[in-house]
Amino acid sequence: MVELKRTEESLRESEKRFRSLVETTSDWIWEVDENAVYTYVSPKIFSILGYEPEEVIGKTPFDLMPLDEARRIADIFNPLTAKHKPFMELENANLHKDGHLVILETSGVPFFDGKGVFRGYRGIDRDITKRKKAQKETKLAYAELDQIFNTAADGMRLIDKNFNVLRINKTLCNMSGIEKDKAVGKKCYETFRGTFCHTSNCPLTRILRGEEHVEYDVEKERNDGTKITCIVTATPFSGSHGELIGIVEDFKDITERKQAKEAIELAYREINQIFNTADGGMCVIDKDFNILRINDILCRLLGISKDEAVGKKCHEIFHDHFCGTPNCPLTRILNGEDNIVCNFELSPQDGACIPCILTATAFRGTDGKLIGIVENFKDISKLKKIEEELQKAKKLESLGTLAGGIAHDFNNLLTAIIGNLSLLEIYAQSGENISEVLEETNRACRQTKYLTKQLLTFAKGGEPIKKKASLSILLKDTITLALSGSNVSCKFSIPNDLWLVEIDEGQIRQAFNNLIINADQAMPRGGRIEVCAENVTVKTKDILPIGRRKICKNICKRSRDRDT
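The structure presented is a predicted model; accordingly, all values stated were derived computationally and were not measured. (Residues numbered from 1 in each chain as written. Predicted model: local features only at pLDDT ≥ 70, side-chain atom pairs only at ≥ 80, totals over all residues. Heavy atoms only, no water.)

Q: Lay out the overall build of the chain with the relevant residues and their values.
A: Within the chain, the secondary structure is distributed over 18 helices and 20 strands. By the burial criterion, 35% of the 564 residues in the chain qualify as buried. Considering only contacts in the chain between residues 6 or more positions apart, those separated by 24 or more positions represent 48%. (Helix = DSSP H or I, 4+ residues; strand = E, 2+ residues; numbered from the N terminus. Buried < 20%, exposed > 50% of the residue type's maximum accessible area, 1.4 Å probe, protein only. Contact = heavy atoms within 4.5 Å.)

Q: Outline the packing of aromatic side chains, listing residues and values.
A: For the structure shown, the criterion picks out 12 aromatic pairs. Their ring planes at 35° and their centres at 5.7 Å tell us that Trp28 and Tyr38 sit as a pair that is tilted. You can see Trp28 sitting in strand 1 (residues 28–33) and its partner Tyr38 sitting in strand 2 (residues 38–41), a full 10 residues away along the chain. We note that Trp28, like Tyr38, is buried. Measuring from ring centre to ring centre gives 6.1 Å for Phe62 and Phe77, while their planes differ by 65°; the resulting arrangement is edge-to-face. Taken together, the positions of Phe62 in the loop between helix 3 (53–56) and helix 4 (67–82) and Phe77 in helix 4 put the pair 15 residues apart, joining distant regions of the chain. Classification of Phe62 as partly exposed rests on a relative accessible area of 21%. Given a relative accessible area of 10%, Phe77 falls into the buried group. One aromatic cluster in this structure is built from Phe62, Phe77, Phe87, Phe112, Phe118 and Tyr121. (Phe/Tyr/Trp six-rings, centres within 6.5 Å; stacked < 30°, edge-to-face > 60°.)

Q: Lay out the sheet that holds strand 6 (residues 155–160) in plain terms, naming residues and giving numbers.
A: Read from one edge to the other, the open sheet built from five strands follows the order 7-6-10-9-8, with strand pairing classed as antiparallel. Pairing within the sheet leaves two strands with one partner each, and these edge strands are strand 7 (165–168) and strand 8 (214–221). Direction aside, neighbouring strands of the sheet carry axes that sit 30° apart on average. As paired elements, strand 6 and strand 7 share three bridges and run antiparallel to each other. Note on strand 7: the bridge partner recorded for Ile159 is Val165. On top of the sheet, helix 5 (residues 129–151) reaches strand 6 and strand 7; it is set at about 85° to strand 7, its chief contact. Its contacts with the sheet put helix 10 (residues 255–277) on strand 9 (227–238) and strand 10 (244–253), and the angle it makes with strand 9 is roughly 130°. (Pairing = 2+ DSSP bridges. Axes fitted to C-alpha atoms, helices over the stretch in contact; angles between N-to-C directions.)

Q: Requested: an account of the confidence of the model for the chain, with residues and values cited.
A: Taken residue by residue, the chain gives an average pLDDT of 82. The fraction at 70 or more is 83%. Throughout residues 545–549 the model reports pLDDT below 50, and contacts reaching past four residues in sequence, or to other chains, amount to 11 contacts. (pLDDT = per-residue confidence, 0-100.)

Q: Could you give an account of unusual backbone geometry, naming the residues involved and the relevant values?
A: Most peptide bonds take the trans configuration, and most residues that are not glycine carry a negative phi. Located in the positive-phi region is Phe163, a residue other than glycine, with phi close to 70°. Residue class for Phe163 comes out partly exposed when judged on its relative accessible area of 24%.

Q: Now, about the pairing of strand 11 (residues 281–286): what can you tell me, with residues and values included?
A: For strand 11, the buried fraction is high: six of the six residues fall into the buried class. Side chains Gly281, Cys283 and Ile285 of strand 11 all project onto a buried face; the interleaved residues Met282, Val284 and Asp286 project onto the opposite face, where all are buried too. As judged from the six bridges shared by strand 11 and strand 15 (residues 370–379), these two strands associate in the antiparallel manner. Counterpart to Ile285 in the pairing with strand 15 is Ile373. Here strand 11 runs beside strand 12 (residues 291–294); their pairing, made up of three bridges, is antiparallel. Note that in strand 12 the partner of Val284 across the bridge is Arg293. Joining the antiparallel neighbours strand 11 and strand 12 is a turn of four residues, in which Phe289 adopts a positive phi near 70°.

Q: Break down the nonpolar core for me, citing the residues and quoting the values.
A: Generally speaking, soluble globular proteins have nonpolar side chains that are buried together. Grouped together as the largest cluster of nonpolar side chains are 29 residues, with contacts concentrated most on Ile285, Ile294, Leu298, Leu302, Phe318, Leu346 and Phe377. Counting residues per element, this core draws most heavily on helix 11 (residues 296–302), at five residues. Residues within four places of Leu346 in sequence aside, it is in contact with Leu298, Leu301, Leu302, Phe318, Cys353, Ile354, Cys356 and Phe377. (Core = buried A, V, L, I, M, F, W, Y, C linked by side-chain atoms within 4.5 Å.)

Q: Mind laying out helix 18 (residues 505–521), listing which residues take part and the relevant values?
A: If you check helix 18, its first and last C-alpha atoms are 24 Å apart, about what 17 residues at 1.5 Å a residue would give, namely 24 Å. Every buried residue of helix 18 is accounted for by Glu505, Gly506, Arg509, Gln510, Phe512, Asn513, Ile516, Ile517, Ala519 and Asp520. (Expected span 1.5 Å × (residues − 1).)

The structure is reproduced here in structure tokens:
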């Protein structure tokens with residue numbers, strides 16, 4: 001009896017310890033009979049599914065599951081129980097008392113009575129909802145990272161501490177020209193060789209030495225032997241406990257960018273050379289009148305250095321009468337003009353002003369917005385000197401022409417005088433009337449006097465001597481004398497009431513004399529000249545810029561030419 005009593009107390013103590021353990025564990029302990037009906041449920045069910053143990057006793061596990069899930073689990077559970085087999089970590093979804101879903105991980109073993117008859121299962125349920133959620137999130141994050149890794153615009157790869165390629169993305173496969181299967185597991189320097197491989201500048205070597213970030217430009221060799229330029233960024237690749245596994249390399253192909261940069265640099269050098277060796281001085285001015293750039297030629301013309309000009313206001317350097325006025329080229333372009341050409345005088349710090357032709361054009365950015373202007377100064381000092389020499393030559397030529405014309409006029413007048421004197425001698429011997437011949441001789445002498453007076457006026461640079469005179473008489477006398485001895489005749493159409501005119505008779509005679517002589521010389525085989533005169537009132541609106549006044553209008557025309 002004593003022994004039996006001790007055994008019973010030992011059993012009760014063991015049961016007590018077992019129950020204490022069951023009720024304090026974080027898992028839910030249960031027992032079902034051979035029909036899968038709960039016969040025992042530990043109190044932990046409340047914190048897992050929100051039920052009190054007594055609410056679950058008499059129910060089956062399938063009563064706590066959504067219908068579809070109950071069917072799925074039954075298809076798994078029934079074959080096992082039919083053979084009384086244990087099961088481990090069977091994941092199943094259960095409904096919490098408040099309706100939300102709880103994922104459980106269930107394990108169970110069959111138990112039998114003393115006669116070996118199957119009596120049910122004892123088992124444990126563990127809440128793995130958070131773990132499943134974390135796994136799902138981790139899986140999603142991994143999928144996202146994998147997608148980012150493989151669709152990144154840059155080439156990427158993972159390398160371990162032994163230079164083995166662990167992973168490579170599609171971009172780098174395309175960039176290097178090697179397939180993923182042929183890259184993974186190979187040495188990094190075998191699949192995408194660069195100038196830093198096997199040197200102390202190798203990014204893995206540098207990170208193994210303790211660097212946290214490595215970035216550099218490098219030329220890499222593709223699988224087909226061609227080369228590309230990349231920006232490589234390497235960072236440590238660490239495990240979950242912070243231990244160094246290897247490195248992550250990022251490759252940005254900058255071959256086209258480098259080529260474009262080189263092309264831009266070449267273009268800039270070409271433009272800079274053109275700018276500084278241009279035929280004229282050039283400068284760039286912004287909208288605020290600041291000099292942004294100036295070439296060597298303009299500096300030389302102004303007698304200053306670039307440092308003295310760049311950053312200064314343009315009017316502080318050029319000092320032209322355009323500065324600060326509406327005629328300023330920049331002001332005009334700001335007001336809408338696109339191109340301006342004008343005369344300009346550069347004022348060097350020492351020395352005489354330099355005449356230039358200034359061409360100003362709008363300077364716009366890539367977006368079309370106005371930045372300022374580009375000014376080109378063409379030194380025309382030599383051209384001015386050439387023009388002056390040309391003017392002198394033209395004056396000398398004019399003097400020669402004038403001298404020839406005067407000699408021609410004097411010759412005509414002297415011929416008339418000498419001829420008339422010969423006639424006088426003949427008429428005096430024959431007793432004929434000499435008054436008409438004397439009048440013609442007198443008229444020729446007067447014209448000679450006018451011509452001499454005109455020469456004196458020209459030589460002294462004096463003003464013409466004007467007085468009222470009859471244009472009718474002047475025309476008839478001058479033209480008759482000019483055509484003396486010529487085979488060209490003249491027809492006059494002059495009204496009797498032709499107004500008097502205020503003229504310098506000598507100059508007007510010379511002008512008409514030149515016209516008639518030219519007309520006479522144009523008809524060597526003879527012809528006729530028509531001379532017309534009329535009174536005309538010039539109104540203000542007419543073309544002649546002399547205001548409203550009365551004038552005499554004369555027309556000389558060649559009406560018939562025997563040469564044609």
